[in-house]
Amino acid sequence: MVNDKKILVIGLANKYSIAASICDVLYEQGAELAFSYQNERFEKFINGFAATHGDAKTFVCDLSNDSEIKDLIKNCVENWGEIDGIVHSVGFSPADQISGNIEDCITREGFAITHDISSYSFAAVVKEAAPYMSKSSSIITLTYIGSQEATPNYNVMGMAKASLEAGVRYFSASLGSKGIRVNAVSAGPIKTLAASGIKGFKSMLNKHGKETPLGRNITAKEVGNTSAFLLSDLSSGITGQVIYVDGGYNIQAMKFD
Ligand code: NAD
Ligand code: 0WE
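Quick summary incoming for the structure in this document. (Residues numbered from 1 in each chain as written. Chains lettered and ligands numbered in written order. Predicted model: local features only at pLDDT ≥ 70, side-chain atom pairs only at ≥ 80, totals over all residues. Heavy atoms only, no water.)

**Some points on the pattern of salt bridges**
Quick note on the threshold: Salt bridges, as used here, are contacts in which a Lys or Arg side-chain nitrogen is within 4 Å of a carboxyl oxygen on Asp or Glu. Note on conventions: DSSP H or I runs of at least 4 residues are helices, E runs of at least 2 residues are strands, and numbering of each starts at the N terminus. Think of it in three bands: with a 1.4 Å probe and only protein chains considered, a residue is buried below 20% of the maximum accessible area for its type, exposed above 50%, and partly exposed in between.
A full pass over the atoms with the stated rule returns four salt bridges. With a shortest N-O distance of 3.9 Å, K70 and E128 are connected by a salt bridge. Placement of K70 in helix 3 (residues 66-80) and of E128 in helix 5 (residues 108-129) is noted, with a sequence separation of 58 residues between them. Using a relative accessible area of 49% as the deciding quantity, one classes K70 as partly exposed.

**Let's talk about the site of ligand 1**
Put simply, the rule is: A molecule or strand has a residue near it when one of that residue's heavy atoms lies within 4 Å. The term polar contact refers here to a pair of N or O atoms within 3.5 Å; inside protein, the definition further demands a hydrogen-donor-capable atom paired with an acceptor-capable atom, and it admits residues adjacent in sequence only when both atoms are side-chain atoms. Each residue is assigned to one class: nonpolar for Ala, Val, Leu, Ile, Met, Phe, Trp, Tyr, Cys and Pro, charged for Asp, Glu, Lys and Arg, and polar for all the others, Gly among them.
Looking at ligand 1, there are 26 residues lining it, with S17, Q38, K161, I190 and T192 nearest. Between ligand 1 and the protein, one listed contact pairs a nitrogen atom with a side-chain N or O atom of D62 at 3.1 Å. I190 places a polar main-chain atom, nitrogen or oxygen, 2.8 Å from an oxygen atom of ligand 1. For the shell around ligand 1, the secondary-structure elements that each account for two or more residues are strand 5 (133-143) and helix 7 (193-196). In terms of residue class, the shell around ligand 1 is made up of 16 nonpolar, eight polar and two charged.

**Structural notes on the nonpolar core**
Worth spelling out the cut-off: Here, nonpolar core means buried Ala, Val, Leu, Ile, Met, Phe, Trp, Tyr and Cys residues that are tied together by side-chain atoms lying within 4.5 Å of each other.
Counting 34 residues, the largest nonpolar core has I7, V9, L12, L26, L33, F35 and V223 as the members making the most contacts within it. For this core, the secondary structure elements donating two or more residues are strand 1 (6-10), helix 1 (18-28), strand 2 (32-37), helix 2 (43-51), strand 5, strand 6 (180-187) and helix 9 (220-231). Top element by residues in this core is helix 1. It accounts for seven residues. Residues L8, I86, F122 and V182 belong to the second largest nonpolar core, which totals 31 residues.

**Digging into the site of ligand 2**
Rule in force here: Computed with the Shrake-Rupley method and a 1.4 Å probe, the accessible areas treat only the protein chains shown as cover for residues.
Of all residues adjacent to ligand 2, which total 13 residues, the nearest are S93, P152, Y154, A194 and I198. Y154 is positioned with one of its side-chain polar atoms (N or O) 2.8 Å from an oxygen atom of ligand 2. For ligand 2, the accessible surface in isolation is 590 Å², of which the surrounding protein chains cover 85%. Across the shell around ligand 2, the residue classes tally to eleven nonpolar, two polar and no charged.

**Here we look at the environment of V242**
Filter applied, for reference: Whether two residues touch is decided by their heavy atoms; if any such pair falls within 4.5 Å, the residues are in contact.
Looking at where V242 falls in the secondary structure, it is placed in strand 7 (residues 242-245). With residues up to four places along the chain from it excluded, the contact list for V242 reads T143, E165, A184 and S186.

**Quick look at the pairing of strand 6**
Applied cut-off: DSSP bridges decide pairing: two strands pair if at least two such bridges lie between them. Note on handedness: a crossover is taken as right-handed if, strands pointing away from the viewer, the path from the first strand over the helix to the second is clockwise.
Summarising burial for strand 6: eight of the eight residues are buried, a large majority. Alignment of strand 5 against strand 6, held across seven bridges, turns out to be parallel. If you follow S137 over to strand 6, its bridge partner there is I180. Handedness of the crossover joining strand 5 and strand 6 through helix 6 (residues 155-175) is recorded here as right-handed.

**Some thoughts on the packing of aromatic side chains**
Using the following cut-off: Paired rings are identified among Phe, Tyr and Trp, the last through its six-membered ring, by centres lying within 6.5 Å, and are further divided according to the angle between planes into stacked (under 30 degrees), edge-to-face (over 60) and tilted (the rest).
In total, this model carries four aromatic pairs according to the counting rule given. An angle of 35 degrees between the planes, with centres 5.2 Å apart, marks the rings of F45 and F49 as tilted. One end of the pair is F45 and the other is F49, both in helix 2 and four residues apart, which spans about a single turn. Residue classification places F45 among the partly exposed positions, given a relative accessible area of 22%.

**Here we look at the packing of helix 5 against helix 6**
Axis angle and axis distance: for two packed helices, these are the angle between their axes and the distance between the axes, and together they describe the pair. Keep this limit in mind: Geometry is summarised by axes, namely lines fitted to C-alpha atoms with helices restricted to the contacting stretch, and by angles between N-to-C directions that run from 0 to 180 degrees. Angular relationships are summarised with four words: roughly parallel below 35 degrees, roughly antiparallel beyond 145, roughly perpendicular across 65 to 115, and oblique for the angles in between. Crossings are assigned a handedness: left-handed for a near helix turned anticlockwise from the far helix by less than a right angle, right-handed for a clockwise turn.
Interhelical geometry of helix 5 versus helix 6 gives an angle of 15 degrees and a closest axis separation of 9 Å. It follows from the interaxial angle that helix 5 and helix 6 lie roughly parallel. Taken as a pair, helix 5 and helix 6 cross one another with a handedness that is right-handed. Seen from helix 5, the contacting residues are F111, T114, H115, S118, S119, F122, A123, V126 and K127; seen from helix 6, they are V156, M157, M159, A160, S163, L164, V168, F171 and L175. Within the contact of helix 5 with helix 6, the residues separate by chemical class into twelve nonpolar, five polar and one charged.

**Observations concerning the packing of helix 3 against helix 5**
Where helix 3 meets helix 5, the axes come as close as 10 Å, and the angle between the chain directions of the two elements is 40 degrees. The orientation of helix 3 relative to helix 5 falls into the category oblique. When you trace helix 3 past helix 5, the crossing you get is right-handed. Contact with helix 3, carried on its side by D66, I69, K70 and I73, involves Y120, A124, V125, E128 and A129 of helix 5 and no other residues of that element. Looking at side-chain class alone, the contact of helix 3 with helix 5 contains six nonpolar, no polar and three charged residues.

And the structure:
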């Protein structure tokens, strides 16, 4: 499906990362991968993961830093010439921002950091990589329904995801003529490192699973499968979309018993 496509994956932290499941499918389907990771804390995992995924090249890149983003793309281009795909699977908000009522916890600084890492970082990567993307290339990012509908505790992350999804539409509109497609995958809740820091996540997961049309939670592997499709030429007619991999949760105005 993505045979010989050169795909950069940003957002690997450990084996539970959604990005890790995306890599599993991409590698199975014949892609040539490169990874970037936030800092040396993730080095050990990344090196082992690269060894089992075709000796992928690895690059350190803190997305809060423009020159590190520039270097990341430069390194990929030196290695590959052109880039066929990018996975942006990154989100961050200071923990105090996503716990409790929004009016009690939102701050100017918390808002700025959340939007910087969770939305601008996507724009920064796309802006830098666009000149080097091939004629039938594809970029995806990960989002959550909290961008569209108020979700307890998600707070300013929901605002940042709304901004991220708008970014997907703007970049897809202007890069379409170059053959670059841009989409988002909106995943249902999955237990990952980012999710494990959230109190009450397990009970939320249980409740959510019962309320989806499919009657269960989705798996990271299912997100990987849809991501591989969006990165492949099988989705050549799709751009600017937010594709839900959530067991159908988003289509209900009221949950069914
Ligand atoms: P994760 O913690 O495994 O991944 C988040 C990644 O963001 C980590 O690899 C972390 O290193 C990276 N990151 C954070 N700040 C960074 C920075 N300054 N520079 C570089 N990298 C940075 O968690 P995940 O759940 O796999 O999250 C991946 C994406 O999926 C996020 O966009 C998240 O919002 C989205 N998402 C998650 C869920 C869920 O329930 N887990 C649901 C829908 C969408
Ligand atoms: O986007 C996310 C996770 C976002 C996230 C999680 C953390 C925890 C650790 C961003 N920043 C941080 N910062 C930390 O310090 N999801 C979609 C998963 C998620 O997070 C929630 C959810 C869901 C679902 C937070 C509150 C309510 C629901």
